[in-house]
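This is what each chain is made of:
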Amino acid sequence: MALKNATADQVLQLIDYPAYFELLHQNLPAEKAGILDRLQAEKVIVKKAEDRYDITNLGGILFAKRLSDLEGLARKAIRVIVYKGANRTETLKEQVGAKGYAVGFAGMIAYINDQLPQNEVLGQALRKDIRMYPEIAVRELVANAIIHQDFAPAGDGPTVEIFSDRIEITHPGTPLIDTL
């Protein structure tokens, strides 16, 4: 469990439930009880007693408003590091994701794509910036790093490192299947 014995109000403060319903293309229930019932049905939370809930690791890692609010998941946030050249000697900027993976994914991918090098191509009448890496490839590689990470090692999460000549995307642990 990411957080044990939370009140209903604490759950609603910590979990980005509007984004949950939006991602699933479902209407937001009008009452708190309806929201909590739906989160419980999807194993985002587990009801313990009257007005007491546990937030599951799955619920927290996917839908937390701020991963740092859930102690066991705080270090699983995705890090994006941009380096000046082709090595790790000079860091230009570093961004650590704050939100759960599902609710923050689109924003994170947009941020990563904005950091990637671009080429300017001259057309017949206009100039056009072309990214060096296809957005769909970046999205799929980052998604795979998130999905296939090993959650057992504490204190480490997926990392995207952007160099002048490449991108390196890593995650903690070893693959469960042979990479060959």
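The structure contained in this document is the topic of the report that follows. What you are looking at is a predicted structure, and each value in this text was computed from that prediction instead of being measured.

### Observations concerning the overall build of the protein
Here's step 1: Counting its regular elements, the protein contains 6 helices and 9 strands.
Here's step 2: Summarising its shape, the C-alpha atoms of the protein cover approximately 65 × 40 × 30 Å along the three principal directions.
Here's step 3: Looking at the protein residue by residue over its 180 residues, the buried ones come to 34%.
Here's step 4: About 11,100 Å² of surface is accessible on the protein, with carbon and sulfur atoms providing 52% of the total.
Here's step 5: In the protein, 21 side chains carry a positive charge and 24 a negative one; their mean positions are 1 Å apart.

### Here's the deal with the pattern of salt bridges
Here's step 1: Counted according to the given criterion, the structure contains 12 salt bridges.
Here's step 2: Residue Lys-32 is joined to Asp-9 by a salt bridge in which the shortest nitrogen-to-oxygen separation is 2.8 Å. Residue Lys-32 is found in helix H3 (residues 32–41), and its partner Asp-9 is found in helix H1 (residues 8–14); the two are separated by 23 residues along the sequence.
Here's step 3: Lys-32 gets classed as partly exposed once you look at its relative accessible area, which sits at 38%.
Here's step 4: Residue class for Asp-9 comes out partly exposed when judged on its relative accessible area of 44%.
Here's step 5: Among the ionic contacts, a cluster of salt bridges with common partners joins Arg-88, Glu-161, Asp-165, Arg-166 and Glu-168.

### A short note on the pairing of strand E2 (residues 45–49)
Here's step 1: Here E2 runs beside strand E3 (residues 52–55); their pairing, made up of 4 bridges, is antiparallel. Following the sheet pairing, Ala-49 is matched in E3 by Arg-52.

### Observations regarding the packing of aromatic side chains
Here's step 1: A complete count under the given rule lists 3 aromatic pairs for this structure.
Here's step 2: For the pair Tyr-20 and Phe-21, a centre-to-centre distance of 5.0 Å together with 90° between the ring planes defines the contact as edge-to-face.
Here's step 3: When the centroid spacing of 4.8 Å and the interplanar angle of 15° are considered together, the rings of Tyr-83 and Phe-163 count as stacked. Placement of Tyr-83 in strand E4 (residues 79–83) and of Phe-163 in the loop between strand E8 (159–162) and strand E9 (167–170) is noted, with a sequence separation of 80 residues between them.
Here's step 4: Members of the aromatic cluster, each reached through a chain of ring pairs, are Tyr-20, Phe-21 and Phe-63.

How each quantity is defined
Residues numbered from 1 in each chain as written. Predicted model: local features only at pLDDT ≥ 70, side-chain atom pairs only at ≥ 80, totals over all residues. Heavy atoms only, no water. Helix = DSSP H or I, 4+ residues; strand = E, 2+ residues; numbered from the N terminus. Buried < 20%, exposed > 50% of the residue type's maximum accessible area, 1.4 Å probe, protein only. Areas by Shrake-Rupley, 256 points an atom, 1.4 Å probe, with all protein chains shown as cover. Lys, Arg positive; Asp, Glu negative; His and termini not counted. Charge placed at Lys NZ, Arg CZ, Asp CG, Glu CD. Salt bridge = Lys/Arg side-chain N within 4 Å of Asp/Glu carboxyl O. Pairing = 2+ DSSP bridges. Phe/Tyr/Trp six-rings, centres within 6.5 Å; stacked < 30°, edge-to-face > 60°.

It is worth stressing that arrangement in space is one thing and function is another; only the former is reported here.
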